[in-house]
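Commentary on secondary and tertiary structure
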Amino acid sequence: MAERNFKVIKGGAAAAVSNNRRKFISAFVTDTRLMGVVGMYIHWELYNNEFFTDFHQFFYFDAEEYGFETYKSLFGDDSEALIIMEQNLIGGLGGNKVNISEREAIFLIQKYVDMNDRLSIPLPEAHNEYKFLLENPITLSDEESDALVEKLCTPIQSEYQLINYYLMRVFGRDLEASAYLSAENIPLDDIYEKSEATLCKNTIEDYYDKGEFSYLCESLIEFDGKYKLVLTEIYLAEGKVTNIRKRSSFFVTAAEAAMMLNHPEFITVYEILTEPEDFYRQFADICGSSMQMLHDNGRLYMEFNKSNNHVNRKVFRLNEDIHGLYYATDYGQLIIAAYSLKDIHDIEKTLAKNDVGTCIIATAKYEFKEPILYEFIQSDFDDFTDFLDFLNT
(Lines give C-alpha, C1' and ligand atoms only; values in the text may rest on other atoms or scores of the structure.)
Protein backbone atom coordinates (compact mmCIF):
# COMPACT_ATOMS: atom_id res chain seq x y z
CA MET A 1 0.00 0.00 0.00
CA ALA A 2 1.29 3.44 -0.89
CA GLU A 3 2.29 5.64 2.01
CA ARG A 4 0.02 8.66 2.38
CA ASN A 5 1.46 12.05 3.20
CA PHE A 6 -1.06 14.48 4.62
CA LYS A 7 -0.58 18.22 4.58
CA VAL A 8 -2.56 21.44 4.52
CA ILE A 9 -4.22 21.84 1.13
CA LYS A 10 -3.48 25.28 -0.23
CA GLY A 11 -6.35 27.20 -1.73
CA GLY A 12 -9.05 25.56 0.38
CA ALA A 13 -11.35 22.62 -0.13
CA ALA A 14 -12.75 23.68 -3.50
CA ALA A 15 -9.26 24.16 -4.91
CA ALA A 16 -8.24 20.73 -3.61
CA VAL A 17 -11.11 19.11 -5.48
CA SER A 18 -10.57 20.97 -8.75
CA ASN A 19 -6.76 21.11 -8.84
CA ASN A 20 -6.01 17.44 -8.19
CA ARG A 21 -6.79 14.18 -9.89
CA ARG A 22 -9.72 12.19 -8.56
CA LYS A 23 -10.20 8.45 -8.26
CA PHE A 24 -13.65 7.03 -7.50
CA ILE A 25 -13.50 4.58 -4.59
CA SER A 26 -17.11 3.77 -3.70
CA ALA A 27 -20.63 5.14 -3.27
CA PHE A 28 -23.90 4.15 -1.65
CA VAL A 29 -27.50 5.34 -1.39
CA THR A 30 -30.12 4.65 1.23
CA ASP A 31 -33.04 2.54 -0.01
CA THR A 32 -35.50 5.11 1.34
CA ARG A 33 -36.89 6.61 -1.86
CA LEU A 34 -40.41 5.49 -0.92
CA MET A 35 -40.16 7.65 2.22
CA GLY A 36 -39.56 10.61 -0.09
CA VAL A 37 -35.93 11.24 0.87
CA VAL A 38 -32.60 9.65 -0.06
CA GLY A 39 -29.11 9.94 1.39
CA MET A 40 -26.06 9.41 -0.83
CA TYR A 41 -22.35 9.07 -0.08
CA ILE A 42 -19.36 9.17 -2.44
CA HIS A 43 -15.77 8.37 -1.51
CA TRP A 44 -12.98 9.75 -3.69
CA GLU A 45 -9.22 9.75 -3.56
CA LEU A 46 -7.56 13.07 -4.42
CA TYR A 47 -3.93 12.91 -5.44
CA ASN A 48 -1.06 14.44 -7.32
CA ASN A 49 2.68 13.72 -7.48
CA GLU A 50 3.15 14.81 -3.88
CA PHE A 51 0.21 13.60 -1.78
CA PHE A 52 -2.92 11.49 -1.41
CA THR A 53 -6.00 12.31 0.61
CA ASP A 54 -9.49 10.88 0.99
CA PHE A 55 -12.47 13.03 0.06
CA HIS A 56 -15.91 12.11 1.40
CA GLN A 57 -19.16 13.65 0.15
CA PHE A 58 -22.66 13.32 1.62
CA PHE A 59 -25.84 14.38 -0.17
CA TYR A 60 -29.41 14.61 1.10
CA PHE A 61 -32.18 14.59 -1.52
CA ASP A 62 -35.87 15.40 -0.94
CA ALA A 63 -38.08 14.19 -3.80
CA GLU A 64 -41.21 16.11 -2.78
CA GLU A 65 -40.29 19.75 -2.14
CA TYR A 66 -36.65 20.63 -1.60
CA GLY A 67 -34.65 18.62 -4.12
CA PHE A 68 -30.91 18.64 -3.39
CA GLU A 69 -31.31 19.93 0.16
CA THR A 70 -28.08 19.34 2.08
CA TYR A 71 -24.41 18.76 1.30
CA LYS A 72 -21.54 17.89 3.68
CA SER A 73 -17.94 16.89 3.02
CA LEU A 74 -14.85 15.69 4.82
CA PHE A 75 -11.19 15.43 3.84
CA GLY A 76 -8.84 12.83 5.31
CA ASP A 77 -9.35 9.50 7.04
CA ASP A 78 -10.80 10.49 10.44
CA SER A 79 -13.18 7.54 10.85
CA GLU A 80 -14.86 8.96 13.95
CA ALA A 81 -15.63 12.28 12.26
CA LEU A 82 -16.91 10.37 9.22
CA ILE A 83 -19.30 8.30 11.34
CA ILE A 84 -20.62 11.41 13.08
CA MET A 85 -21.20 13.17 9.77
CA GLU A 86 -23.00 10.16 8.33
CA GLN A 87 -25.23 9.76 11.37
CA ASN A 88 -26.10 13.45 11.50
CA LEU A 89 -27.15 13.56 7.87
CA ILE A 90 -28.68 10.17 7.07
CA GLY A 91 -28.79 8.30 10.39
CA GLY A 92 -32.48 9.04 10.84
CA LEU A 93 -33.62 7.73 7.46
CA GLY A 94 -33.99 4.16 8.69
CA GLY A 95 -32.87 2.49 5.49
CA ASN A 96 -30.17 0.15 4.26
CA LYS A 97 -27.05 1.37 2.46
CA VAL A 98 -26.93 0.02 -1.10
CA ASN A 99 -23.78 0.25 -3.22
CA ILE A 100 -24.04 2.18 -6.49
CA SER A 101 -21.65 2.94 -9.32
CA GLU A 102 -19.95 6.25 -10.06
CA ARG A 103 -22.24 6.68 -13.05
CA GLU A 104 -25.38 6.13 -10.94
CA ALA A 105 -24.16 8.52 -8.24
CA ILE A 106 -23.45 11.30 -10.75
CA PHE A 107 -26.83 10.76 -12.40
CA LEU A 108 -28.62 11.18 -9.07
CA ILE A 109 -26.99 14.46 -8.14
CA GLN A 110 -27.63 15.83 -11.64
CA LYS A 111 -31.27 14.78 -11.38
CA TYR A 112 -31.85 16.63 -8.12
CA VAL A 113 -29.86 19.68 -9.21
CA ASP A 114 -32.24 19.83 -12.19
CA MET A 115 -35.14 19.71 -9.74
CA ASN A 116 -33.68 22.66 -7.81
CA ASP A 117 -33.26 24.60 -11.03
CA ARG A 118 -36.81 23.81 -12.13
CA LEU A 119 -38.30 24.92 -8.80
CA SER A 120 -35.88 27.86 -8.31
CA ILE A 121 -34.48 26.33 -5.12
CA PRO A 122 -30.94 27.48 -4.20
CA LEU A 123 -28.30 24.77 -4.16
CA PRO A 124 -26.50 23.96 -0.90
CA GLU A 125 -23.32 25.84 -0.04
CA ALA A 126 -19.85 24.63 -1.11
CA HIS A 127 -21.09 24.36 -4.70
CA ASN A 128 -17.50 24.46 -5.97
CA GLU A 129 -16.80 21.16 -4.21
CA TYR A 130 -19.38 19.21 -6.20
CA LYS A 131 -19.70 21.20 -9.44
CA PHE A 132 -17.35 18.73 -11.17
CA LEU A 133 -20.17 16.18 -10.87
CA LEU A 134 -22.36 18.41 -13.05
CA GLU A 135 -19.94 18.98 -15.93
CA ASN A 136 -20.71 15.90 -18.03
CA PRO A 137 -24.44 15.06 -18.30
CA ILE A 138 -25.32 11.43 -17.58
CA THR A 139 -28.26 9.71 -19.25
CA LEU A 140 -29.31 6.25 -18.15
CA SER A 141 -30.88 3.68 -20.42
CA ASP A 142 -34.28 2.28 -19.44
CA GLU A 143 -32.56 -0.83 -18.12
CA GLU A 144 -30.04 1.20 -16.10
CA SER A 145 -32.80 3.44 -14.76
CA ASP A 146 -34.90 0.47 -13.65
CA ALA A 147 -31.88 -1.06 -11.92
CA LEU A 148 -31.19 2.17 -10.02
CA VAL A 149 -34.82 2.50 -8.92
CA GLU A 150 -34.67 -1.02 -7.50
CA LYS A 151 -31.65 0.02 -5.43
CA LEU A 152 -33.38 3.17 -4.18
CA CYS A 153 -36.61 1.45 -3.13
CA THR A 154 -36.82 -1.02 -0.28
CA PRO A 155 -38.45 -4.34 -1.27
CA ILE A 156 -42.19 -4.44 -0.57
CA GLN A 157 -42.96 -7.15 1.99
CA SER A 158 -46.72 -6.94 2.42
CA GLU A 159 -49.88 -5.39 1.04
CA TYR A 160 -50.11 -3.12 4.10
CA GLN A 161 -46.64 -1.79 3.41
CA LEU A 162 -47.49 -1.27 -0.27
CA ILE A 163 -50.65 0.70 0.60
CA ASN A 164 -48.97 2.88 3.22
CA TYR A 165 -46.08 3.76 0.93
CA TYR A 166 -48.45 4.40 -1.97
CA LEU A 167 -50.67 6.77 -0.01
CA MET A 168 -47.60 8.50 1.42
CA ARG A 169 -46.31 9.17 -2.10
CA VAL A 170 -49.71 10.10 -3.55
CA PHE A 171 -50.51 12.64 -0.85
CA GLY A 172 -46.99 14.00 -1.27
CA ARG A 173 -47.67 14.49 -5.02
CA ASP A 174 -44.68 12.26 -5.76
CA LEU A 175 -45.67 10.98 -9.20
CA GLU A 176 -42.45 9.09 -9.84
CA ALA A 177 -42.63 6.93 -6.72
CA SER A 178 -46.40 6.42 -6.81
CA ALA A 179 -46.10 5.23 -10.43
CA TYR A 180 -43.44 2.73 -9.34
CA LEU A 181 -45.96 1.23 -6.88
CA SER A 182 -48.90 1.11 -9.30
CA ALA A 183 -49.61 -1.18 -12.24
CA GLU A 184 -50.95 1.50 -14.54
CA ASN A 185 -51.64 5.21 -14.84
CA ILE A 186 -54.27 5.89 -12.20
CA PRO A 187 -56.16 9.23 -12.21
CA LEU A 188 -55.22 11.04 -9.01
CA ASP A 189 -56.69 14.52 -9.43
CA ASP A 190 -59.52 13.67 -7.03
CA ILE A 191 -56.99 12.54 -4.39
CA TYR A 192 -54.64 15.51 -4.47
CA GLU A 193 -54.87 18.49 -2.16
CA LYS A 194 -53.84 22.00 -3.15
CA SER A 195 -50.27 21.32 -2.01
CA GLU A 196 -48.09 18.42 -0.89
CA ALA A 197 -49.56 16.69 2.16
CA THR A 198 -47.95 14.57 4.86
CA LEU A 199 -49.49 11.22 5.77
CA CYS A 200 -49.58 11.35 9.58
CA LYS A 201 -51.61 8.20 10.19
CA ASN A 202 -53.26 5.52 8.10
CA THR A 203 -55.60 2.72 9.15
CA ILE A 204 -56.30 -0.15 6.73
CA GLU A 205 -59.32 -2.46 6.77
CA ASP A 206 -60.11 -5.43 4.52
CA TYR A 207 -63.30 -4.93 2.50
CA TYR A 208 -65.49 -7.37 0.56
CA ASP A 209 -68.33 -6.16 -1.65
CA LYS A 210 -70.22 -8.32 -4.14
CA GLY A 211 -67.39 -10.80 -4.32
CA GLU A 212 -64.76 -8.12 -4.93
CA PHE A 213 -61.93 -7.58 -2.46
CA SER A 214 -60.35 -4.22 -1.68
CA TYR A 215 -58.93 -2.19 1.20
CA LEU A 216 -60.59 0.75 2.96
CA CYS A 217 -58.13 3.35 4.23
CA GLU A 218 -58.69 6.13 6.74
CA SER A 219 -55.84 8.62 6.30
CA LEU A 220 -55.05 11.60 8.49
CA ILE A 221 -53.05 14.08 6.42
CA GLU A 222 -51.57 17.51 7.14
CA PHE A 223 -50.97 20.31 4.64
CA ASP A 224 -50.65 24.09 4.91
CA GLY A 225 -51.06 23.81 8.69
CA LYS A 226 -54.46 22.09 8.34
CA TYR A 227 -55.59 18.50 8.96
CA LYS A 228 -57.96 16.41 6.88
CA LEU A 229 -59.33 12.88 7.21
CA VAL A 230 -59.48 11.14 3.82
CA LEU A 231 -61.31 7.86 3.20
CA THR A 232 -60.18 5.88 0.14
CA GLU A 233 -60.73 2.45 -1.35
CA ILE A 234 -57.67 0.75 -2.86
CA TYR A 235 -57.44 -2.25 -5.17
CA LEU A 236 -54.33 -4.40 -5.55
CA ALA A 237 -53.14 -7.10 -7.93
CA GLU A 238 -49.77 -8.83 -8.29
CA GLY A 239 -48.02 -6.57 -5.81
CA LYS A 240 -49.15 -3.29 -7.38
CA VAL A 241 -51.93 -0.76 -6.83
CA THR A 242 -54.45 -1.06 -9.66
CA ASN A 243 -57.01 1.55 -8.60
CA ILE A 244 -57.83 4.08 -5.87
CA ARG A 245 -61.20 5.71 -5.26
CA LYS A 246 -61.87 8.58 -2.90
CA ARG A 247 -64.96 7.93 -0.80
CA SER A 248 -65.01 11.08 1.32
CA SER A 249 -62.86 13.68 3.05
CA PHE A 250 -63.37 16.36 5.68
CA PHE A 251 -61.28 18.74 7.74
CA VAL A 252 -60.57 18.05 11.40
CA THR A 253 -59.26 20.44 14.03
CA ALA A 254 -55.71 20.31 15.36
CA ALA A 255 -57.11 19.08 18.68
CA GLU A 256 -58.98 16.25 16.94
CA ALA A 257 -55.84 15.35 14.98
CA ALA A 258 -53.83 15.28 18.20
CA MET A 259 -56.33 12.84 19.71
CA MET A 260 -56.03 10.59 16.66
CA LEU A 261 -52.24 10.64 16.91
CA ASN A 262 -52.10 10.11 20.66
CA HIS A 263 -50.06 7.20 21.96
CA PRO A 264 -48.64 6.21 25.35
CA GLU A 265 -45.25 7.42 26.51
CA PHE A 266 -43.04 5.50 28.92
CA ILE A 267 -40.50 7.54 30.90
CA THR A 268 -37.64 6.64 33.22
CA VAL A 269 -35.90 9.38 35.20
CA TYR A 270 -32.25 9.08 36.24
CA GLU A 271 -30.14 11.23 38.51
CA ILE A 272 -26.72 12.05 37.05
CA LEU A 273 -24.06 11.37 39.68
CA THR A 274 -21.00 12.86 37.99
CA GLU A 275 -19.90 16.21 36.62
CA PRO A 276 -21.50 17.13 33.27
CA GLU A 277 -18.29 16.78 31.24
CA ASP A 278 -17.71 13.27 32.65
CA PHE A 279 -21.31 12.27 31.97
CA TYR A 280 -21.31 13.51 28.36
CA ARG A 281 -17.99 11.82 27.67
CA GLN A 282 -19.40 8.45 28.77
CA PHE A 283 -22.80 9.13 27.22
CA ALA A 284 -21.18 9.70 23.81
CA ASP A 285 -21.25 5.95 23.06
CA ILE A 286 -25.02 5.93 23.51
CA CYS A 287 -25.98 9.10 21.68
CA GLY A 288 -23.40 9.01 18.88
CA SER A 289 -25.98 7.92 16.30
CA SER A 290 -28.78 10.15 17.58
CA MET A 291 -29.99 13.53 16.38
CA GLN A 292 -29.12 16.20 18.93
CA MET A 293 -31.19 19.33 19.64
CA LEU A 294 -30.20 22.02 22.12
CA HIS A 295 -32.87 23.51 24.41
CA ASP A 296 -32.79 26.22 27.04
CA ASN A 297 -32.42 23.76 29.93
CA GLY A 298 -30.75 20.76 28.38
CA ARG A 299 -29.97 18.59 25.37
CA LEU A 300 -32.43 16.31 23.60
CA TYR A 301 -31.20 13.26 21.69
CA MET A 302 -33.58 11.54 19.28
CA GLU A 303 -32.73 7.94 18.43
CA PHE A 304 -34.41 6.59 15.31
CA ASN A 305 -35.21 2.98 14.53
CA LYS A 306 -32.70 1.27 12.27
CA SER A 307 -35.44 0.34 9.80
CA ASN A 308 -38.76 1.68 8.51
CA ASN A 309 -40.73 -1.36 9.61
CA HIS A 310 -43.41 0.93 11.06
CA VAL A 311 -44.66 1.34 7.47
CA ASN A 312 -45.36 -2.40 7.32
CA ARG A 313 -48.35 -2.25 9.67
CA LYS A 314 -52.12 -2.21 9.44
CA VAL A 315 -52.07 1.04 11.43
CA PHE A 316 -49.28 3.35 10.32
CA ARG A 317 -48.11 6.35 12.36
CA LEU A 318 -45.43 8.62 11.02
CA ASN A 319 -43.79 9.22 14.40
CA GLU A 320 -43.25 5.54 15.11
CA ASP A 321 -39.84 5.73 13.44
CA ILE A 322 -38.48 6.93 16.81
CA HIS A 323 -36.89 4.31 19.05
CA GLY A 324 -36.33 6.57 22.03
CA LEU A 325 -35.66 10.05 23.38
CA TYR A 326 -32.93 11.10 25.82
CA TYR A 327 -33.15 14.47 27.56
CA ALA A 328 -30.11 15.44 29.65
CA THR A 329 -30.98 18.51 31.72
CA ASP A 330 -28.54 21.18 32.86
CA TYR A 331 -29.63 20.39 36.42
CA GLY A 332 -28.47 16.80 36.66
CA GLN A 333 -31.31 14.64 35.33
CA LEU A 334 -31.37 12.21 32.43
CA ILE A 335 -34.91 11.50 31.25
CA ILE A 336 -35.49 8.75 28.72
CA ALA A 337 -38.76 8.22 26.89
CA ALA A 338 -40.16 5.65 24.47
CA TYR A 339 -43.54 4.82 22.97
CA SER A 340 -43.61 1.13 23.95
CA LEU A 341 -42.58 -1.00 26.92
CA LYS A 342 -40.22 -2.99 24.73
CA ASP A 343 -38.38 0.13 23.58
CA ILE A 344 -38.06 1.64 27.07
CA HIS A 345 -36.74 -1.67 28.41
CA ASP A 346 -34.24 -1.89 25.53
CA ILE A 347 -32.97 1.60 26.32
CA GLU A 348 -32.69 0.86 30.04
CA LYS A 349 -30.68 -2.30 29.33
CA THR A 350 -28.39 -0.43 26.93
CA LEU A 351 -27.69 2.25 29.54
CA ALA A 352 -27.02 -0.37 32.23
CA LYS A 353 -24.51 -2.24 30.05
CA ASN A 354 -22.65 0.91 29.03
CA ASP A 355 -20.05 2.82 31.07
CA VAL A 356 -22.58 5.62 31.50
CA GLY A 357 -24.61 3.23 33.68
CA THR A 358 -22.09 3.70 36.48
CA CYS A 359 -22.76 7.44 36.73
CA ILE A 360 -26.58 7.45 36.71
CA ILE A 361 -29.21 6.02 39.04
CA ALA A 362 -32.90 5.48 38.26
CA THR A 363 -35.20 7.47 40.55
CA ALA A 364 -38.65 7.07 38.96
CA LYS A 365 -40.61 5.33 36.20
CA TYR A 366 -43.86 6.49 34.63
CA GLU A 367 -46.43 5.52 32.03
CA PHE A 368 -48.52 8.30 30.47
CA LYS A 369 -51.53 7.99 28.22
CA GLU A 370 -50.09 10.65 25.91
CA PRO A 371 -46.61 12.14 25.34
CA ILE A 372 -45.48 14.58 28.00
CA LEU A 373 -41.71 14.90 27.66
CA TYR A 374 -41.85 17.72 25.10
CA GLU A 375 -44.19 19.65 27.39
CA PHE A 376 -41.61 19.40 30.17
CA ILE A 377 -38.80 20.48 27.85
CA GLN A 378 -40.74 23.58 26.86
CA SER A 379 -41.67 24.44 30.46
CA ASP A 380 -39.69 26.54 32.92
CA PHE A 381 -39.25 23.63 35.34
CA ASP A 382 -35.82 22.26 36.19
CA ASP A 383 -36.99 19.03 37.84
CA PHE A 384 -39.31 16.50 36.18
CA THR A 385 -40.97 15.54 39.49
CA ASP A 386 -41.73 19.18 40.29
CA PHE A 387 -43.23 19.50 36.80
CA LEU A 388 -45.53 16.52 37.40
CA ASP A 389 -46.55 17.85 40.84
CA PHE A 390 -47.54 21.13 39.19
CA LEU A 391 -49.64 19.32 36.58
CA ASN A 392 -51.43 17.37 39.29
CA THR A 393 -52.32 20.40 41.41
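That block above? That's the structure.
This report concerns the structure included in the present document. Chains are numbered independently. Their residues run from 1 in the order of the written sequence. Given that this is a predicted model, residues contribute local features only at a pLDDT of at least 70 and side-chain atom pairs are listed and counted only at 80 or more, while totals for whole chains, interfaces and linings are drawn from all residues. Remark: hydrogens and water are excluded; side-chain values derive from all non-hydrogen atoms of the structure.

Some thoughts on the environment of Asn-20
Test applied: Secondary structure counts use DSSP, requiring at least four H or I residues in a row for a helix and at least two E residues in a row for a strand, with both numbered from the N terminus. Note on contacts: a residue pair is in contact if any heavy atoms of the two residues lie within 4.5 Å. Any pair of N or O atoms that falls within 3.5 Å is considered a polar contact. Within protein, one atom must be able to donate a hydrogen and the other to accept it, and sequence-neighbouring residues count only if both atoms are side-chain atoms.
Mapped onto the elements of the fold, Asn-20 is located in the loop between α1 (12-19) and β1 (21-30). Spatially, the C-alpha atom of Asn-20 lies 15 Å from that of Gly-76, the residues being 56 residues apart in sequence. Once you skip the residues sitting within four places of it in the chain, Asn-20 turns out to touch Ala-15, Leu-46, Tyr-47, Asn-48 and Phe-51. Side chain to side chain, Asn-20 and Asn-48 meet in a polar contact 2.7 Å long.

Overview of the packing of aromatic side chains
For the record, the criterion: Between 30 and 60 degrees the pair is tilted, below 30 it is stacked and above 60 it is edge-to-face, where a pair is any two Phe, Tyr or Trp rings, Trp via its six-membered ring, whose centres lie within 6.5 Å. For the exposure calls, accessible area comes from a 1.4 Å probe over protein chains only, and a residue counts as buried if that area is under 20% of its type's maximum, exposed if over 50%, partly exposed in between.
One pass over the structure, following the stated rule, counts 30 aromatic pairs. Aromatic pair Phe-55 and Phe-75: ring centres 4.7 Å apart, planes at 20°, arrangement stacked. Remark: Phe-75 occurs in strand β4 (residues 67-75) and Phe-55 occurs in strand β3 (residues 52-62); sequence separation between them is 20 residues. Exposure remark for Phe-75: the relative accessible area of 25% places this residue in the partly exposed category. Relative to Tyr-130, the ring of Phe-68 lies with its centre 5.1 Å away and its plane at 65°, an arrangement referred to as edge-to-face.

Quick look at the pairing of strand β2 (residues 37-47)
For clarity, the threshold we go by: Here, a strand pair is defined by DSSP locating no fewer than two bridges between the strands.
In terms of burial, β2 is largely enclosed, as 10 of its 11 residues are buried. Summarising the sheet, β1 and β2 pair through eight bridges and their orientation is antiparallel. Looking at the pairing, Arg-21 lines up with Tyr-47 of β2. Hairpin connection of β1 to β2: six residues between the antiparallel strands, including Gly-36 at a positive phi of 95°. Bridge analysis of β2 against β3 gives 11 bridges, and the strand direction is antiparallel. The residue bridging Tyr-41 from the neighbouring strand is Phe-58, located in β3. Hairpin remark: β2 followed by β3, antiparallel, with four residues in the connecting loop.

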